Amino acid sequence: HVYANWQGVGCLALLWLNRHRAVLASRDWAASAAPPSDAPPEALSPAALSRLERPWGPFLSSLQGPRLGARLPHLCASAEDVCALRDAFAGERYWLRLDPAGRAHVMLSAAADGEDALRALLHSALCAGASGGAAGAGGAVPLLAAERRAIEQSRARAEAAWPKFSSALLEAGWEAAALRNPPLGWRFTCE
């Protein structure tokens, strides 16, 4: 019975993005956009992505993938770090920092919607393989100047990639370039 349900769900090609599908789509797109590829990256179609989904995928994604809804102490060790992230992500509705293993920890703003969550997942996919910073479940350490520059450079790459990624998703047949239900988790407000 469980196996039949698993196979049946694998045949579904849902047209909306949840967190797990968004992680898979953004990782695949970032990998296809990486050098030495000269071809323009294409987004996975809903049918192609449904074949990649596994029943345990969302659970593994929550343990190993980008951490949406991270708490402020997991990103910042001091008020100076808060100011540095605020400045580095000015105009965005998320903050992102990598842990030493390269896992992204993302804190969404109180005003963030599904599109902002997807932008953060794309940003984290583009950072994959980058040397990690010092965010993490054990608490953050101060941001160093080199990490601040890396954050600013990765944000510029993510901003440049977003229009291409979002249009590729729509062309591939997705309902919208946004998560249908963005994670609740911890949120921030800046004034």
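Computed from a prediction, not measured in an experiment: that's the story for all the values here. Once a new chain begins, its residue numbering starts again from 1 and follows that chain's sequence as written. Note on the predicted model: pLDDT of at least 70 is required for a residue's local features to be given, and 80 or more for side-chain atom pairs to be given and counted; whole-chain, interface and lining totals, by contrast, use all residues. Each side-chain value is worked out from all heavy atoms of the structure, with water and hydrogens disregarded.

Q: Describe the overall build of the protein chain, naming the residues involved and giving the relevant values.
A: For helices the rule is a DSSP run of H or I covering at least 4 residues; for strands it is a run of E covering at least 2, with both sets numbered from the N terminus onward. Across its full length, the protein chain holds seven helices and four strands. Shown N-terminal to C-terminal, the secondary structure of the protein chain runs as helices and strands in the order α-α-α-α-β-α-β-β-α-α-β. A total of 191 residues make up the protein chain; the buried ones form 42% of that total. Each accessible area value is a Shrake-Rupley result obtained with a 1.4 Å probe; residue values ignore everything except the protein chains displayed when judging cover. Entry remark: accessible area of the protein chain is about 10000 Å², with carbon and sulfur atoms responsible for 59%. With a 1.4 Å probe rolled over the protein chains alone, any residue whose accessible area is under 20% of its type maximum counts as buried; one over 50% counts as exposed, and the rest are partly exposed.

Q: Can you explain the environment of Ala145? Please cite residues and give values.
A: On the secondary structure map, Ala145 appears in helix H7 (residues 145-172). Overall, the relative accessible area of 49% leaves Ala145 in the partly exposed class. For the pair Ala145 and Ala84, spaced 61 residues apart in sequence, the C-alpha separation works out to 9.8 Å.

Q: Describe the pairing of strand S3 (residues 104-109), naming the residues involved and giving the relevant values.
A: Of all six residues in S3, six are buried; the element is thus mostly enclosed. Residue alternation in S3 divides its side chains into two sets, Ala104, Val106 and Leu108 and His105, Met107 and Ser109, and both sets are buried. Two strands make a pair as long as DSSP finds a minimum of two bridges between them. In terms of strand pairing, strand S1 (residues 67-68) meets S3 through two bridges, oriented parallel. Looking at the pairing, Arg67 lines up with His105 of S3. By the bridge criterion, five bridges tie strand S2 (residues 94-98) to S3 in an arrangement that is antiparallel. Along S3, the bridge assignment pairs Leu98 with Ala104.

Q: Describe the packing of aromatic side chains, naming the residues involved and giving the relevant values.
A: Two rings from Phe, Tyr or Trp (for Trp, the six-membered ring) form a pair when their centres sit within 6.5 Å of each other. Planes less than 30 degrees apart are called stacked, planes more than 60 degrees apart edge-to-face, and all others tilted. Going through the model one piece at a time under the given rule, you end up with four aromatic pairs. Seen from their ring centres, Phe89 and Tyr94 are 5.5 Å apart, and the 55° between their planes marks the pair as tilted. Summarising the burial analysis for this pair, Phe89 and Tyr94 share the class buried. Centre to centre, the rings of Trp95 and Phe188 are 4.3 Å apart; their planes meet at 25°, and the pair counts as stacked. One end of the pair, Trp95, is in strand S2; the other, Phe188, is in strand S4 (residues 187-188), and 93 residues separate them in sequence. Owing to a relative accessible area of 4%, Trp95 belongs among the buried residues under this scheme. Here a set of aromatic residues connected by ring pairs shows up, and it is made of Trp29, Trp162 and Phe165. The residue whose ring lies beneath Arg21 is Trp16, and the NZ or CZ to ring-centre distance is 4.6 Å. The criterion for a charge sitting over a ring is simple: Lys NZ or Arg CZ within 6 Å of the ring centre, and within 35 degrees of the ring normal.

Q: Can you tell me about the confidence of the model for the protein chain, naming the residues and giving the values?
A: The pLDDT value expresses, per residue, how confident the predictor is, ranging between 0 and 100. Taken over all residues, the pLDDT of the protein chain has a mean of 82, while the share at 70 or more is 82%. When pLDDT is averaged over each helix and strand of the protein chain, the minimum, 62, is found for helix H4 (residues 57-64) and the maximum, 93, for helix H6 (residues 114-127).

Q: Break down the pattern of salt bridges for me, with residues and values.
A: We define a salt bridge as a contact between a side-chain nitrogen of Lys or Arg and a carboxyl oxygen of Asp or Glu at a distance within 4 Å. The final tally for this structure, using the stated rule, is eight salt bridges. One salt bridge connects Arg155 with Glu159, and the closest N-O pair in it is separated by 3.0 Å. Note that Arg155 and Glu159 are positioned in helix H7 at a spacing of four residues, about one turn of the helix. On the basis of relative accessible area, Arg155 is assigned to the buried category, the value being 13%. For Glu159, a relative accessible area of 37% gives the class partly exposed.

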